[in-house]
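If you want the building blocks of each chain, they are given just below.
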Amino acid sequence: MGLRRLASAECRRLGGMSLDEDTRWLEWVTKQFEAIAGEDKEIDLEEFKTALKVKESFFAERFFALFDSDGSSSISLDELLGALNLLIHGSEADKLRFLFQVYDVDGETTTHTHTCYGSMCNGSGSIDPDELRTVLKSCLRESAISLPEEKLDDLTLALFESADKDRSGAITFEELKAELENFPEVMENLTISAANWLKPPEAEERRRQAPRYLTRAYWQNNSRKLTFLMAYALLSLLLFSSALLHHRGGGVCYMVAKGCGQCLNFNCTFVMVLMLRRCLTWLRATWLVRVLPLDQNILLHQIVGYAILVFTVVHTSAHILNFAHLSQHTGYSLWEYLLTTRPGVGWVRGSASLTGVVLQLLIGLMVLCSSTFVRRSGHFEVFYWSHLSYVWVWSLLVVHCANFWKWFLVPGLVFLLEKVLGLAFAHMGGLYIVEVNLLPSKVTHLVIKRPPFFTFKPGDYLYINIPDIATYEWHPFTISSAPEQSDTLWLHIRSMGQWTNRLFEFFRQPETLASSPKRLATSLRNKRQLVQTQVGNYLAPPKLGDNHQLCNIKCYVDGPYGTPTRQIFASEHAVLIGAGIGITPFASILQSIMYRRRKQNCPNCSYSWCENIIDSDMKLRKVDFIWINRDQKSFEWFVSLLTKLEMDQADEEPEGRFLEMHMYMTSALSKNDMKAIGLQMALDLLAKKEKRDSITGLQTRTQPGRPDWAKVFQKVSEENKGKVHVFYCGAPALAKTIKAQCEHFGFHFYKENF
C-alpha cells in the first residue's frame, strides 16, 4: 500500500491531478487489474501478453521484465501502479530510460528494474548493432511491415551511425537521448499505445458546444441539400393537405389514407427521377449543378425510399382501420375487404386491397435489402435482385391507384428511354477484356479495349457486365484510367462480394482462359496491339508475370456516369482523399492532371518546370493527394503510377509544388509508441539518405497511423491557394469525420456515391 500511495501522490504532482481525479484513476487501474489478473491477484507473462495485445512477443517479454520489479515472474497491483506512473506521468528522462532498457536486450533488467521509478536502472549500459537490429526486426513485425533482410540492415546502420556520435561501436543512454532530441514531436507523447488498458479514461470535456447541425458552417456547406429537403418536405405537406381537404367528408382514417396515397403518387415517381443517371450526368455540365444537390442524388434517393415506406405503412394502417369501421355497417368482413375483390374497392375490378397488400410486402422487402448491413456485408446481389422489384411495384401501382399513371407517364418514358439507350450502347460494339493483372489484397485490374464513341471525364464510373461471370448482373465501378488514354479503359475491382470474388477466382485459374477459342492467336494480337497503343501513354502496363495475363473475354459496359469529382478542375485547391481502393477515381484524376501539365527540361542544365496545356476548365493551383491504406501490400496497386507522378513533378515551381502526396499506413504504430519509435526514426533517416521511402519506394515518406485531420486541414488552410474543395472516396465512417473537419474550416466537401 505504501507504493500505491507514493504512486498516487507522484501522479498528482506530475500530472496535475486533483484528489477526485486521483481517486477515479486508482479505481480505474484497480478495476482493469482485477479483470486481467487470475485468482492469485497477479499477472503472469501469458496474461500480460493477452492484455497488451501485441503482435510480437519480444515487446511483451521486455515490458514484462521491466514491470516485474521484484523478479517474481508476476506483476502485482503495486508494481503495475509504479509502471503506470512512469509511462503516463513520468518525466522525459524516466520514459527515455525505460525505452533504453527495452532496446538494451542483453542488460540485466530483471534484477534491477526496482529502481526504474525513482532513478536510472543499470543494464549493460549500451546498445550494439545486433541488439538494435533485433529490436527493429520486432518493430517491423509489430507494425505489419515486410522488408528484405538487406533493407533491415540498411535501417539498422542508418539509425546506429546517426546515434553513435563517438563512433565507439555502441549507443549509450546519453547518445540515444541526443538522437531523440532531433524528433521533438515524439517526446511530447511517448507512450505504449497498445497498452490502452493501463491508461485512465480521459475526463469528458464539460464545455458546452453547439450541436453540429446548428452551426453556421454546417448550413453553408449543405445549403443546396437543406434547401432541397425543405422544398421536398413542403411539397409533401401541400400534397397531403390538399388530398386531406378534398376527402374531408369520408372520415378521419379515410382522409389520412388518401393524403398518404397522394404523397405516394409523387414519391414513387420522384424516387425514379433521382436515379436518371444520364440526365443527372448531363445536368452536371450545366449551371444547375450550382443550384441543385446533384451530388447527393443517392442520399436523396434513400431518403425518399424511407419516406415511401413510412407513407405506405400509414396509408395501409389507415385503410385497415377504415375497413374495420365499414365492416360493422356492411355485409363484408374485414378479411373480405383486405384479401378479396368482393367489396369492389379499386378501379380495376376491385383489386386495390390485394395489390395494396402485395405492394406493402414488396416495398418493405426492397427497403430491408437495400440497408447498409446487406450491401456492405458481401451480399450486393441480394440488394441488386431485390431492387429489380421496382418493375412490379410500378406495374401494381398503376392497377392499384387510378391516378398514378398521370404522375408516372413522363418520368417513366424518360426512364425507359435511358434503359433502352444504355442497352443499345452497351451492345453496339464488341468490347473485350484484353489484359488482367491480379494485385495484392484480391484486387483485379481489368484493361478493356476502349470503344471509339466512349467519352468520359476523370472520376466517372460505369456499369460492367461480364457474361462469363454472371449473365444478367451489372455492377458499378470507377474508371481508373485517364480520358486522355484513348485506347483502353482501366478498372480496379476489390473482391468484397460474391460477384467480385468470382471475378478474381475466374482469372486466377489458368484453365478458364485456356478454354477460349484461338487463345494463342488472340493473345499474340492483343500483345502487339498493347505494345503499339501504350507507346506515349502516361503509364505503361506492368510486365507479364504469374498474375498478369493477356486474354480476350467478352464484356459490356453502360455509361459513363458523372460523379462529384467532375468539379475538381473548377477548384483552386483540391484535396483528394482515398481510403483503400477508394483511390480509383483519383488515379484517373491525377493522370489527367499531369497530362494537362507537361514537364519541361532545360537542355543546358538540370532545371525543370511545368507548363499548363491551354484548358479553359483548368483552374487548379494546388492538389493535395492523401492515400490511407491498412497494410503495406495495398500501396502496390498504384505505386507505378505514383512514381511516374513524382518523376513528372518540376524540381522547382514559383508557387511551390503543385502536387503533394501524403501516404498513411494505419497498421503501422505511430512515432510516439515505444514499440515503433526506433523503427520510425530509422525509416526517416534512411529516407533522407536514399531520397526514397523504404515501404513504398516513393519519394514521399509513408506516415504511420491515421492522419490528424485538424492538423492536415490547418496546414491546407494556411497555404492560401484559393477555395478549398475536399473530395473523398472510401468508408462512410471516415467520411463523417472528414466532413465535420471540413465544416469547421469552411471547406467544400464532396463524397463519391454511386
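Residues numbered from 1 in each chain as written. Predicted model: local features only at pLDDT ≥ 70, side-chain atom pairs only at ≥ 80, totals over all residues. Heavy atoms only, no water.

*Asks:* Help me understand the UniProt feature "transmembrane region" (unreviewed entry) in the protein chain, please; the structure alone is not making it clear to me.
*Replies:* Taken from the UniProt record, the annotation "transmembrane region" (unreviewed entry) applies to residues 226–244, 264–283, 303–326, 346–369, 390–408, 420–440 and 574–595. Between the end C-alpha atoms of residues 303–326 there is a gap of 34 Å, over a span that is 100% helix and 0% strand. (UniProt positions renumbered as here; feature names shortened; annotations may be inferred. Helix = DSSP H or I, 4+ residues; strand = E, 2+ residues; numbered from the N terminus.)

*Asks:* Explain the pattern of salt bridges to me, please; I cannot follow it from the model alone.
*Replies:* Across all of its chains, the model carries 18 salt bridges by this definition. A salt bridge links K622 to E719, with the nearest nitrogen and oxygen atoms 2.9 Å apart. One end of the pair, K622, is in strand 10 (residues 622–629); the other, E719, is in helix 28 (residues 709–719), with 97 residues separating them in the sequence. Connected through salt bridges with shared partners, the residues K622, D624, E660, K715 and E719 form a single ionic network. (Salt bridge = Lys/Arg side-chain N within 4 Å of Asp/Glu carboxyl O.)

*Asks:* It is not clear to me how the environment of W474 should be interpreted in this structure. Could you clarify?
*Replies:* Tracing the chain through its elements places W474 in the loop between strand 3 (461–465) and strand 4 (475–478). Separated by 90 residues in the primary sequence, W474 and Y384 place their C-alpha atoms 8.8 Å from one another. In contact with W474, other than residues within four places in its own chain, are Y384, L423, A426, H427, Y463, I464, N465, Y556, V557 and D558. (Contact = heavy atoms within 4.5 Å.)

*Asks:* Could you clarify how one ought to interpret the packing of aromatic side chains in this entry?
*Replies:* In this description, an aromatic ring pair is defined by two values, namely the gap between the centres and the angle between the planes. The final tally for this structure, using the stated rule, is 26 aromatic pairs. Judged by centre distance (5.7 Å) and plane angle (90°), the ring pair of Y390 and F415 falls under edge-to-face. With Y390 in helix 20 (residues 390–400) and F415 in helix 21 (residues 404–428), this pair connects stretches of sequence that are 25 residues apart. The buried category is assigned to F415, whose relative accessible area is 13%. (Phe/Tyr/Trp six-rings, centres within 6.5 Å; stacked < 30°, edge-to-face > 60°. Buried < 20%, exposed > 50% of the residue type's maximum accessible area, 1.4 Å probe, protein only.)

*Asks:* Hey, could you run me through the environment of T281 in this one?
*Replies:* Of note, T281 is situated in helix 14 (residues 277–283). Sequence spacing of T281 and R566 is 285 residues, and the spatial spacing of their C-alpha atoms is 9.7 Å. When near neighbours in sequence (up to four residues on either side) are disregarded, T281 contacts P560, Y561, G562 and R566.

*Asks:* Even after reading the chapter, I still don't get helix 28, so can you show me in this structure?
*Replies:* In an α-helix there are 3.6 residues to a turn, and that puts residues three or four apart on one side. Buried within helix 28 we find W709, V712, F713, V716 and E719. End-on view of helix 28: buried residues confined to an arc of 110°, all on one side of the axis. Residues of helix 28 that are exposed and point over 90 degrees away from its buried face: K711 and E718. Looking at the buried side of helix 28, the elements it contacts are strand 7 (573–579), strand 10, strand 11 (659–665), strand 13 (724–729) and helix 29 (732–745). N720 sits one or two residues past helix 28 and shows a positive phi near 55°. (Arc of directions from axis to C-beta.)

*Asks:* Explain the state of the cysteines to me, please; I cannot follow it from the model alone.
*Replies:* As used here, a disulfide is simply a covalent bond connecting the sulfur atoms of two cysteines. A complete count under the given rule lists zero disulfides for this structure. In this structure C268 is not part of a disulfide, and its nearest cysteine sulfur, from C401, lies 9.8 Å away. (Disulfide = S-S within 2.5 Å.)

*Asks:* So what exactly am I meant to see when it comes to the pairing of strand 6 (residues 548–561) here?
*Replies:* On any regular strand, side chains alternate: one points to one face of the sheet, the next to the other face. With 12 of its 14 residues buried, strand 6 lies for the most part within the structure. Of the strand pairs in this sheet, strand 1 (residues 431–439) and strand 6 are connected by six bridges, and their pairing is antiparallel. Looking across to strand 6, one finds that L431 is bridged to C555. (Pairing = 2+ DSSP bridges.)

*Asks:* Help me understand unusual backbone geometry, please; the structure alone is not making it clear to me.
*Replies:* It is generally the case that most residues other than glycine have a negative phi and that most peptide bonds are trans. Geometrically, the link from G559 to P560 is a cis peptide bond, its omega value of 5° lying close to zero. Looking at where P560 falls in the secondary structure, it is placed in strand 6. Not every positive phi belongs to a glycine, and S73 is a case in point at roughly 65°. With respect to the secondary-structure elements, S73 resides in the loop between helix 4 (57–67) and helix 5 (77–89).

*Asks:* Mind showing me how you'd approach the sheet that holds strand 11 here?
*Replies:* Across a sheet, paired strands are connected by hydrogen bonds in the backbone, their directions being either parallel or antiparallel. In space, the six strands of this open sheet follow the order 12-11-10-7-13-14, with parallel pairing throughout. This sheet does not close on itself; its edge strands, each paired only once, are strand 12 (702–704) and strand 14 (748–751). Between one strand axis and the next, the sheet turns through 20° on average, direction left out of account. Summarising the sheet, strand 10 and strand 11 pair through seven bridges and their orientation is parallel. Bridge pairing in strand 11 links V623 to L659. Strand contacts of helix 25 (residues 584–596): strand 7, strand 10, strand 11 and strand 13, with the helix running at about 145° to strand 7, the strand carrying the most contacts. Here helix 26 (residues 639–647) sits on the sheet in contact with strand 10 and strand 11, set at roughly 145° to strand 11. (Axes fitted to C-alpha atoms, helices over the stretch in contact; angles between N-to-C directions.)

*Asks:* How should I be thinking about the packing of helix 7 (residues 129–142) against helix 27 (residues 677–690) in this particular structure?
*Replies:* Helices that pack against each other are described as a pair by the angle of their axes relative to one another and the distance between those axes. Viewed as axis vectors pointing N to C, helix 7 and helix 27 meet at an angle of 95°, and their least axial separation amounts to 8 Å. Between helix 7 and helix 27, the crossing angle belongs to the class labelled roughly perpendicular. Note on element contacts: helix 27 touches helix 7 through G678, L679 and A682, opposite L136, C139 and L140. Class assignment of the residues belonging to the contact of helix 7 with helix 27 gives a composition of five nonpolar, one polar and no charged. (Parallel < 35°, antiparallel > 145°, perpendicular 65-115°, else oblique. Nonpolar A, V, L, I, M, F, W, Y, C, P; charged D, E, K, R; others polar.)

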